[in-house]
Amino acid sequence: MTQLGPPEEILACLFDLDGVVTRTAVVHAAAWKETFDAFLREREGDSFRPFDDVADYDEYVDGRPRADGVRTFLASRGIRLPEGTPGDPPDAPTVHGVGNRKNDVLLEKIRTGGVEAYDSTLRYIEAARARGLRTAIVSSSANCRDVLRAIDAEDLFDVRVDGVVAAERGLPGKPRPDTFLAAAQQLGVEARRAAVFEDALAGMDAGRAGSFGYVVGVDRAGQAEALYAHGADRVVRDLAELGGME
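From a predicted model like this one, the values you see are computed outputs, not experimental measurements.

Calculation rules
- Residues numbered from 1 in each chain as written.
- Predicted model: local features only at pLDDT ≥ 70, side-chain atom pairs only at ≥ 80, totals over all residues.
- Heavy atoms only, no water.
- Helix = DSSP H or I, 4+ residues; strand = E, 2+ residues; numbered from the N terminus.
- Rg over C-alpha atoms; globule rule 2.2 N^0.38 Å.
- Buried < 20%, exposed > 50% of the residue type's maximum accessible area, 1.4 Å probe, protein only.
- Contact = heavy atoms within 4.5 Å.
- Areas by Shrake-Rupley, 256 points an atom, 1.4 Å probe, with all protein chains shown as cover.
- Lys, Arg positive; Asp, Glu negative; His and termini not counted.
- Charge placed at Lys NZ, Arg CZ, Asp CG, Glu CD.
- Polar contact = N/O pair within 3.5 Å; in protein donor to acceptor, adjacent residues only side chain to side chain.
- 1 Å grid on protein atoms, 1.4 Å probe; cavity = no way out; pocket = protein on both sides within 12 Å on 5 of 7 lines; lining within 4 Å.
- Points joined across faces, edges and corners; volume = space filled by probe spheres on them.
- Nonpolar A, V, L, I, M, F, W, Y, C, P; charged D, E, K, R; others polar.
- Pairing = 2+ DSSP bridges.
- Axes fitted to C-alpha atoms, helices over the stretch in contact; angles between N-to-C directions.
- Disulfide = S-S within 2.5 Å.

For the rest of this paragraph, the subject is the overall build of the chain. The secondary structure content of the chain amounts to 10 helices and 6 strands. Since a compact globule built from 246 residues should have a radius of gyration of about 18 Å, the 18 Å found for the chain is in line with a globular shape. Viewed in the frame of its principal axes, the chain has a C-alpha envelope of about 55 × 35 × 30 Å. Here the chain holds 246 residues, and 54% of them are scored as buried. If you take every contact in the chain between residues at least 6 apart in sequence, the share linking residues at least 24 apart comes to 61%. Surface exposure of the chain reaches about 10,900 Å², of which carbon and sulfur atoms provide 46%. Averaging the coordinates of the 30 positive side-chain charges in the chain and doing the same for the 42 negative ones gives two points 2 Å apart.

Inspection of the secondary structure puts Asp162 in the loop between strand E3 (159-161) and helix H7 (163-169). Using a relative accessible area of 1% as the deciding quantity, one classes Asp162 as buried. Only 2.7 Å separates the side chain of Asp162 from the side chain of Arg160, close enough to count as a polar contact. Looking at Asp162, its side chain comes within polar contact range of the main-chain nitrogen of Val164, at 3.1 Å. Look past the residues within four positions of Asp162 in its chain and what remains in contact with it is Ser139, Ser141, Cys144 and Arg145.

Let's shift gears to the layout of surface pockets. Estimates place the volume of the largest pocket at around 500 Å³. The wall of the largest pocket is formed by 22 residues, among which Pro65, Arg66, Ala67, Gly163 and Ala167 lie closest to the centre. Taken together, the residues of the lining of the largest pocket break down into 10 nonpolar, 8 polar and 4 charged. Of the voids in this model, the second largest pocket is the one considered here, and its volume is about 300 Å³. In terms of lining, the second largest pocket is formed by 17 residues, of which the most central are Ala25, Val26, Tyr57, Arg220 and Ala221. Breaking the lining of the second largest pocket down by element, the ones donating at least two residues are helix H1 (25-44) and helix H2 (55-61). With 3 residues, the single largest contributor to the lining of the second largest pocket is H1. Taken together, the residues of the lining of the second largest pocket break down into 7 nonpolar, 4 polar and 6 charged.

The tally for this structure, following the rule as stated, stands at 1 cavity of 30 Å³ or more. For the largest cavity, the calculated volume is near 200 Å³. Lining the largest cavity we find 20 residues, and of these Asp18, His28, Arg64, Lys102 and Ser140 sit closest to its centre. Where the lining of the largest cavity is concerned, the elements lending two or more residues are H1, H2 and helix H4 (95-113). Per-element accounting of the lining of the largest cavity gives the leading share, 3 residues, to H4. When the residues that make up the lining of the largest cavity are grouped by side-chain class, the tally is 6 nonpolar, 7 polar and 7 charged.

A few words now on the sheet that holds strand E4 (residues 194-198). The strand order E3-E2-E1-E4-E5-E6 describes an open sheet built from 6 strands, whose pairing is parallel. Each of the sheet's edge strands pairs with one partner strand only, and the pair in question is E3 and strand E6 (234-236). With strand direction ignored, the average angle separating the axes of adjacent strands in the sheet is 20°. Against the sheet, helix H5 (residues 119-130) touches strand E1 (12-15), strand E2 (134-138) and E4, its axis set at about 155° to E1.

This part is about the state of the cysteines. Enumeration according to the criterion identifies 0 disulfides in this entry. Free of any disulfide, Cys13 has its nearest neighbouring cysteine sulfur in Cys144, separated by 16 Å. Since its relative accessible area comes to 0%, Cys13 is described here as buried.

The structure is reproduced here in structure tokens:
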């Protein structure tokens with residue numbers, strides 16, 4: 001093992017954004033809850049079953065591209081909507097319309113509350129780069145670049161594969177490994193020599209499906225057992241536990 005935790009053969013580190021680098025996972029969960037609860041109330045009346053911002057978020061939404069999250073959660077409630085188009089207005093009764101409503105809610109929450117980084121993660125990334133490891137940010141978020149700029153961390157990553165890049169290239173999102181594989185390829189590193197750092201179960205699935213050399217589950221929600229079950233090689237509550245940041 002290196003001083004940073006992953007095995008010696010690891011040459012690159014691929015980091016998820018929300019919940020690993022930034023404290024935005026809870027903001028995403030709140031935005032999804034507000035959006036889905038409003039949608040379900042409009043559809044079913046006051047007797048609707050609310051979106052659970054822990055269980056439903058972890059199982060159906062966390063780590064997935066926005067439209068996939070809409071489809072997956074609504075399918076769990078037996079609801080199927082027309083796809084619509086990415087430019088649908090936020091009040092459109094389509095998959096993309098609901099997704100765009102969620103994004104509007106999220107951006108408003110970020111605008112009013114700001115964005116916080118996990119300082120220990122930033123220090124870990126700096127330490128990894130100082131030791132010659134290459135770094136990439138891999139996120140399903142279309143707002144990834146703006147969030148990185150908000151925390152002054154854009155320069156910490158050699159490669160960015162986010163929701164915008166995935167859409168441009170036609171890459172399926174997590175739990176498929178394609179975005180992580182694309183990042184490793186851009187870094188010039190084989191998957192077996194890259195480590196994935198994720199807090200979402202879908203991200204664990206992507207790490208396992210891509211046969212990455214090491215998968216670190218970051219347990220921000222008390223789900224260590226599930227992270228291991230979905231493919232983590234090691235689970236930590238914070239990247240400071242991996243060491244190497246003195």
